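Below are the chains, spelled out letter by letter.
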Amino acid sequence: MTLPAYKRILLKLSGEALMGDDSYGINRDVIERIVAEIAEVNQMGVEVAVVIGGGNIFRGMTSSAEGMDRATADYMGMLATVMNALALQDAMRRAGLVSRVQSALRIDQVVEPYIRGKAIRYLEAGKVVIFAAGTGNPFFTTDTAAALRGMEMNVDIVLKATKVDGVYTTDPKVNPDAERYQRLSFDTAIAENLKVMDATALTLCRDQKLPLKVFSIFKAGALKRVVMGEEEGTLVEV
């Protein structure tokens, strides 16, 4: 049996990925399918950490947040990621997958605080660790949180799960002639503003030589193919 290419991964899930085709919120069928894919690689012995976004909840309130203080709006977004993390943990429980949620914001009655050593022990024990509340600081995205937690957890690769099956030269929804990159350097992604992740996250990954793979979470079996080292999505590396 072929062994996985990676022993420990960090999966960055956007809040929008949980919506499916809905306009906001969490689509139950979608979250159950994502959990099934995570369970499959976890059962292969791959240690899985997850950073979750909150756009499916908070972006639905964008008009309400207009004119709001940026730091206040960012803290609201962090709380939305905690809601998503709890929903993801519950879906994992129903699927028989053991997980723990750690939050960068202290909400001790609901979730554990982020403690690096504890999170690593959970991973080593085969539990999925879900990181919520981003970095715990305003003005930083959950992309940056994914890069940061990936480095702290000593993962082999950061996997950004999106609605698109990789990074394209231009927006494939607008330009049908857009071409998908199979491999890409961090410097190119930053210089050409390819919207892979925000510049802070890309710079962190580049400086620490932490590879990044962008793929579609909506393609059946894509996560497993990525973990097995097969051609899937776009690999961004130094």
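Residues numbered from 1 in each chain as written. Predicted model: local features only at pLDDT ≥ 70, side-chain atom pairs only at ≥ 80, totals over all residues. Heavy atoms only, no water.

### Quick notes on the pairing of strand 9 (residues 234-237)
- For strand 7 (residues 183-185) and strand 9, the ladder comprises three bridges, and the chain directions are parallel. Its bridge partner being in strand 9, arginine 183 is matched across the sheet by leucine 235.
- In the sheet, strand 8 (residues 212-216) pairs with strand 9 via three bridges, with the strands oriented antiparallel. Residue pairing for strand 9: leucine 212 is matched across the bridge by valine 236. (Pairing = 2+ DSSP bridges. Helix = DSSP H or I, 4+ residues; strand = E, 2+ residues; numbered from the N terminus.)

### Side note on the packing of helix 6 (residues 142-152) against helix 8 (residues 199-207)
- For the pair helix 6 and helix 8, the least separation of the axes is 7 Å and the interaxial angle reads 20°. By the angle between their axes, helix 6 is roughly parallel relative to helix 8. The element helix 6 and its partner helix 8 pack so that their crossing is left-handed. In this structure, helix 6 contributes Asp143, Thr144, Ala147 and Met151 to the contact, and helix 8 contributes Thr200, Ala201, Leu204 and Cys205.
- In terms of residue class, the contact of helix 6 with helix 8 is built from five nonpolar, two polar and one charged. (Axes fitted to C-alpha atoms, helices over the stretch in contact; angles between N-to-C directions. Parallel < 35°, antiparallel > 145°, perpendicular 65-115°, else oblique. Left-handed = near helix turned anticlockwise from the far one by under 90°. Contact = heavy atoms within 4.5 Å. Nonpolar A, V, L, I, M, F, W, Y, C, P; charged D, E, K, R; others polar.)

### Quick notes on helix 4 (residues 70-94)
- Taking 1.5 Å per residue, 25 residues should reach 36 Å; helix 4 reaches 37 Å between its end C-alpha atoms and fits that length.
- Two or three places before alanine 71, at the start of helix 4, stands the capping residue aspartate 69, its side-chain oxygen 3.3 Å from that residue's backbone nitrogen.
- Downstream of helix 4 by a residue or two, glycine 96 has a phi angle that is positive, lying close to 80°. (Expected span 1.5 Å × (residues − 1). Polar contact = N/O pair within 3.5 Å; in protein donor to acceptor, adjacent residues only side chain to side chain.)

### Examining the packing of aromatic side chains
- If you walk through the whole model with that rule in mind, you get one aromatic pair.
- Both rings, one in tyrosine 114 and one in phenylalanine 131, keep their centres 5.6 Å apart while their planes meet at 80°; by these two values the pair is edge-to-face. Remark: phenylalanine 131 occurs in strand 5 (residues 128-132) and tyrosine 114 occurs in the loop between strand 4 (112-113) and helix 5 (116-124); sequence separation between them is 17 residues.
- The aromatic ring of tyrosine 114 is capped on one face by arginine 149, whose charged end is 3.8 Å from the ring centroid. (Phe/Tyr/Trp six-rings, centres within 6.5 Å; stacked < 30°, edge-to-face > 60°. Lys NZ or Arg CZ within 6 Å of the ring centre and 35° of its normal.)

### Remarks on helix 8
- Regarding helix 8, the residues found buried are Ala201, Leu202 and Cys205. Here the buried residues of helix 8 occupy an arc of 95° about the axis, which is enough to place them on one side.
- Contact partners of the buried residues in helix 8: helix 6, helix 7 (186-191) and strand 8.
- Measuring from the side-chain oxygen of the N-cap residue of helix 8 to the backbone nitrogen of threonine 200 gives 2.9 Å; that N-cap residue is aspartate 198. (Buried < 20%, exposed > 50% of the residue type's maximum accessible area, 1.4 Å probe, protein only. Arc of directions from axis to C-beta.)

### What about the sheet that holds strand 3 (residues 99-103)?
- One open sheet accounts for nine strands, arranged 4-3-5-2-1-6-8-9-7; its pairing is mixed. Here the strands that pair on one side only, and so sit at the sheet edges, are strand 4 and strand 7.
- Against the sheet, helix 1 (residues 28-42) touches strand 1 (8-13), strand 2 (47-52) and strand 5, its axis set at about 150° to strand 2.

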